[in-house]
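For reference, the chains in residue letters:
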Amino acid sequence: MKCPLFTGLSFLILPSIEPPRVQFIVKLIEANGGSMVDSLINDTVILINDTFVESHTLRKSELFHSEWSYDEELWYKLVSNEQLEFFKLSWLSECLKHQKLLDKADFRARLMEEDNGNSNSPHVDAISIETQSSAEDTEVEDQTLDFDVQTELLKSDANVMASQSVIEDTSESKSTVKPNLALTRALEQLFKKYRLQGDTYRARGYQLALQSIESHDKAITSEQEALSLPNIGPSIASKIQTILKLGSLPGLNEADKNEELLDYFMACHGVGAQTARKWVSNGITSLTEALKAYPSDFTWNVLFGWRFYEDWSVKIPREECADHLALMEKALRDVDSSARIVLTGSYRRGAATCGDIDTVLYKPGCDDIWTLSQILEKLVLRLKGMNYIRCPLNLNHALGQEFKPMIETLTHAAGFHESYVSGPKEVLKKFYFGGKLPSNTTHGLSKTEQQVPRLKFEDSLMSESDQNTHCRRVDILLSRWSQLGAVMIYFTGNDDFNKSLRIRATKRGWKLSNNGLYQSNANTEKKDLLIESFDERRIMSLLGVVWCPPEERNIKGYI
DNA sequence: AGGCGGTACTG
DNA sequence: CAGTAC
DNA sequence: GCCT
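Residues numbered from 1 in each chain as written. Chains lettered and ligands numbered in written order. Predicted model: local features only at pLDDT ≥ 70, side-chain atom pairs only at ≥ 80, totals over all residues. Heavy atoms only, no water.

**Q** Just checking my understanding: could you explain the overall build of chain A for this structure?
**A** From N to C terminus, chain A includes 22 helices and 17 strands. A separation of at least 24 residues holds for 70% of the contacts in chain A among residues at least 6 apart in sequence. (Helix = DSSP H or I, 4+ residues; strand = E, 2+ residues; numbered from the N terminus. Contact = heavy atoms within 4.5 Å.)

**Q** So what exactly am I meant to see when it comes to the pattern of salt bridges here?
**A** Opposite charge on two side chains lets them pair, provided their charged atoms get close. In total, this model carries 18 salt bridges according to the counting rule given. Of the charged contacts, one joins Glu 536 and Arg 553 as a salt bridge, the two residues approaching to 3.0 Å between their closest N and O atoms. With Glu 536 in helix H22 (residues 536-542) and Arg 553 in the segment after H22, this residue pair connects regions lying 17 residues apart in the sequence. Neither residue differs from the other here; Glu 536 and Arg 553 are each classed as buried. When salt bridges with common partners are traced through the structure, they connect Arg 348, Glu 536 and Arg 553 into a single cluster. (Salt bridge = Lys/Arg side-chain N within 4 Å of Asp/Glu carboxyl O. Buried < 20%, exposed > 50% of the residue type's maximum accessible area, 1.4 Å probe, protein only.)

**Q** What's the story with the nonpolar core in this structure? I'm lost.
**A** Across soluble globular proteins, you tend to see nonpolar side chains buried next to one another. One finds Phe 265, Phe 298, Trp 306, Leu 361, Tyr 388 and Phe 431 to be the most contacted residues of the largest nonpolar core, which totals 68 residues. Both domains that meet at this core, namely domain 2 (257-298) and domain 3 (311-478), each give it at least three residues. Contacts of Tyr 388, omitting those with residues within four sequence positions, involve His 324, Leu 327, Met 328, Leu 383, Phe 433, Gly 434, Gly 435, Lys 436, Leu 437 and Val 474. By size, the runner-up hydrophobic cluster in this structure holds 21 residues, among which are Leu 210, Ile 240, Leu 249 and Leu 252. (Core = buried A, V, L, I, M, F, W, Y, C linked by side-chain atoms within 4.5 Å. Domains from an automatic or database assignment.)

**Q** What am I meant to see in the UniProt feature "active site" (unreviewed entry) in chain A here?
**A** As recorded in UniProt, the feature "active site" (unreviewed entry) lies at Lys 239. Along the chain, the position of Lys 239 falls in helix H11 (residues 234-246). Not counting residues within four places of it along the chain, the set of residues in contact with Lys 239 comprises Leu 190, Tyr 206 and Leu 249. (UniProt positions renumbered as here; feature names shortened; annotations may be inferred.)

**Q** What's the story with the sheet that holds strand E15 (residues 510-513) in this structure? I'm lost.
**A** Sheet strands pair by backbone hydrogen bonding; their relative direction is either parallel or antiparallel. Here 3 strands make up an open sheet; going across it, the order is E15-E16-E17 and the pairing antiparallel. Every other strand in the sheet has two partners, leaving E15 and strand E17 (529-532) as the edge strands with one partner each. The sheet shows a mean angle of 35° between the axes of neighbouring strands, taken without regard to direction. Taken together, the 4 bridges between E15 and strand E16 (residues 516-519) define a ladder with antiparallel strand orientation. Bridge assignment links Leu 512 to a residue of E16, and that residue is Leu 517. Strand contacts of helix H21 (residues 495-507): E15 and E16, with the helix running at about 155° to E15, the strand carrying the most contacts. (Pairing = 2+ DSSP bridges. Axes fitted to C-alpha atoms, helices over the stretch in contact; angles between N-to-C directions.)

**Q** Mind showing me how you'd approach the sheet that holds strand E1 (residues 10-14) here?
**A** Spatial strand order, E2-E1-E3-E6-E7: 5 strands in an open sheet with mixed pairing. With one partner strand each, in any of the chains shown, strand E2 (35-36) and strand E7 (108-109) form the two edges of the open sheet. Here strand E3 (residues 45-48) pairs with strand E6 (residues 86-88) via 3 bridges, running parallel. Among the inter-strand pairings, Ile 48 is bridged to a residue of E6, identified as Lys 88.

**Q** Help me understand the pairing of E1, please; the structure alone is not making it clear to me.
**A** Strand residues, when the strand is regular, have side chains that alternate between the two faces of the sheet. A large share of E1 lies buried, amounting to 5 of its 5 residues. Burial of E1 is two-sided: the residues Ser 10, Leu 12 and Leu 14 facing one way and the residues Phe 11 and Ile 13 facing the other way are all buried. Summarising the sheet, E1 and E2 pair through 2 bridges and their orientation is parallel. In the strand pairing of E2, Ser 10 is matched with Ser 35. For E1 and E3, the ladder comprises 4 bridges, and the chain directions are parallel. Looking at E3, one finds that Phe 11 is bridged to Val 45.

**Q** What is the right way to read the domain arrangement of chain A from this model?
**A** A common way to state how big an interface is: give the accessible area lost once the parts meet. Under the domain assignment, chain A is made up of domain 1 (10-109), domain 2 (257-298), domain 3 (311-478) and domain 4 (492-556). Summing both partners gives a buried area of about 580 Å² for domain 3 against domain 4, and 42% of it is carried by carbon and sulfur. On the domain 3 side of the contact with domain 4, Gly 345, Arg 348 and Arg 349 bury the most area, a combined 90% of that side's loss. For the interface between domain 3 and domain 4, the tally reads 1 salt bridge. In this structure, Arg 348 and Glu 536 form a salt bridge, with 2.6 Å as the shortest nitrogen-oxygen distance. (Buried area = accessible area lost by both parts, 1.4 Å probe.)

**Q** Please clarify how the protein's contact with DNA strand B should be interpreted in this entry.
**A** Around DNA strand B, the surrounding shell holds 14 residues, and the nearest of these are Thr 299, Trp 300, Asn 394, Leu 395 and Arg 502. Counting only atoms of DNA strand B within 4 Å of the protein, the sugar-phosphate share comes to 64%. In the environment of DNA strand B, a phosphate oxygen lies 2.9 Å from a nitrogen or oxygen atom belonging to the side chain of Trp 300. Within the backbone of Leu 395, an N or O atom sits 2.7 Å from a phosphate oxygen of DNA strand B. (Near = heavy atom within 4 Å. Polar contact = N/O pair within 3.5 Å; in protein donor to acceptor, adjacent residues only side chain to side chain.)

**Q** I keep staring at the environment of Thr 285 and nothing clicks. Help me out?
**A** Tracing the sequence through the fold places Thr 285 in the loop between helix H13 (273-281) and helix H14 (287-293). Taking the relative accessible area as the measure of exposure, Thr 285 reaches 32% and is therefore partly exposed. With near-sequence residues (within four places) excluded, Thr 285 lies in contact with Leu 261, Phe 265 and Lys 456.

**Q** In this structure, what is going on with the protein's contact with DNA strand C? I would like to understand it.
**A** Surveying the vicinity of DNA strand C reveals 13 residues, the closest of which are Gly 270, Gly 272, Thr 275, Arg 473 and Tyr 490. Near-protein atoms of DNA strand C (within 4 Å) split between backbone and bases, with sugar and phosphate holding 92%. Between DNA strand C and Gly 272 there is a distance of 2.9 Å, counted from a phosphate oxygen to a backbone nitrogen or oxygen. One of the backbone nitrogen or oxygen atoms of Gln 274 is found 3.1 Å away from a phosphate oxygen of DNA strand C. At the level of secondary structure, the elements contributing two or more residues to the surface near DNA strand C comprise H13, strand E14 (472-478) and helix H20 (484-492). Sorting elements by how many residues they give to the surface near DNA strand C places H13 first, with 3 residues.

Printed below as a string of structure tokens:
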């Protein structure tokens, strides 16, 4: 006996099942044992009406969107999940014609608009083929209909391992020979030196030069050769000449006591290049001395930076990030059951350890910042009540009242007597804080022997550190629903990736920010025109960047 | 000569 | 406004 | 610092 052709398969047809032709096909599916769904469940086969596909590539996603007949959240799930595969509806009719299940691969439809021959696109292709074969039998964990963007992200993170093995043999990661070590070392020192001095652009100049030498795999033997590389100009080229002749740059290798101090101060949250430089040039050698000499530099959030100086310089194991998220999710459900919070930052890029925990908070369909702000405020209060939030780093008026006692305890400990007056700001667009999990949930003490900056003994009085549970830096960013894509790009990074996108935007007369991709209107004083802000994929594709999953956005230099 | 990211928060 | 952080 |  034979089962009908589509037994056990579920189908989602996009963008709508309303057209008569689609209705006809739906009848055939059901007659052959298949079922229709209107949301993503395991193993759902996603089919695109062929009229929206041009030669294996999805045509304009805005048209796609305008004929959308499912709910908005499904749209977002689909465009935000880089692991999903789409197939042309004609696969179905072919199967019926031949009365057997044909290879879907020949009917794959890709979700992008431009393809500028970027060198890594075949590489991306390889990954999606690679994961497709194993996806079907490994994903058995969630059966719920109510999974959301966050589950999508977790799933794609679970696939990091698979993609890494692919990256390993296709990329040149094994080229361990570094023919220009003397040069790159010197440039790195110069980069650090100027960054510490707050000369960010000069520092950037050295950093870019460093990167172009690193990606040049031959040994550089002349000033001429150096000059021909991008981002290497007369000044750096002549320094290179000197190094080639003398073996090193005069006056660079002395271990600089001042640079060490600058590093020490700037590792404190809230102390930047200007402040650190001022202290150092006035002979200050510790935070305690700085507090006496420059009390006004010690705002309450620098004091928190001091208190958690050591905790905040240790990396967070990936697993712990998920625990923080789970805790916040639970609290958020009680505040607003339809609001969502997701992990972004280096976590979403697949990192094994993260410097901080970056999250985005949104509510499907909600563009009203005031509503979102209220949700965030309530969430923060709940988290504070659970003793999870140990210190705030920014506040609005209402939260200022709530955290006043906590802040005054701190400022009094530092010897200040003024009382804290909360600012006038009513809406809260983001909340940065230090959070600590209850000690019972602590993860296996990871043996990451990380070289951690320690406080000097005389500075350790203000500090609060705990062997088993660390206080972590957590960022919550609000996003309007309509701007979720731009916010996700911005907060997922990495920095160089974002810079590349912004540069591409400016080249096209646009500007990219965390609010979206806009047509800039410099001359006329009209407002900038929105091009796209919701769809992460479309923003990238408009900028001529082939879609890449977060794990591949860990780039160095520009793309 | 002027550009190098755009935005939110603190004081 | 400068300074800091993201 | 380098690039336009």
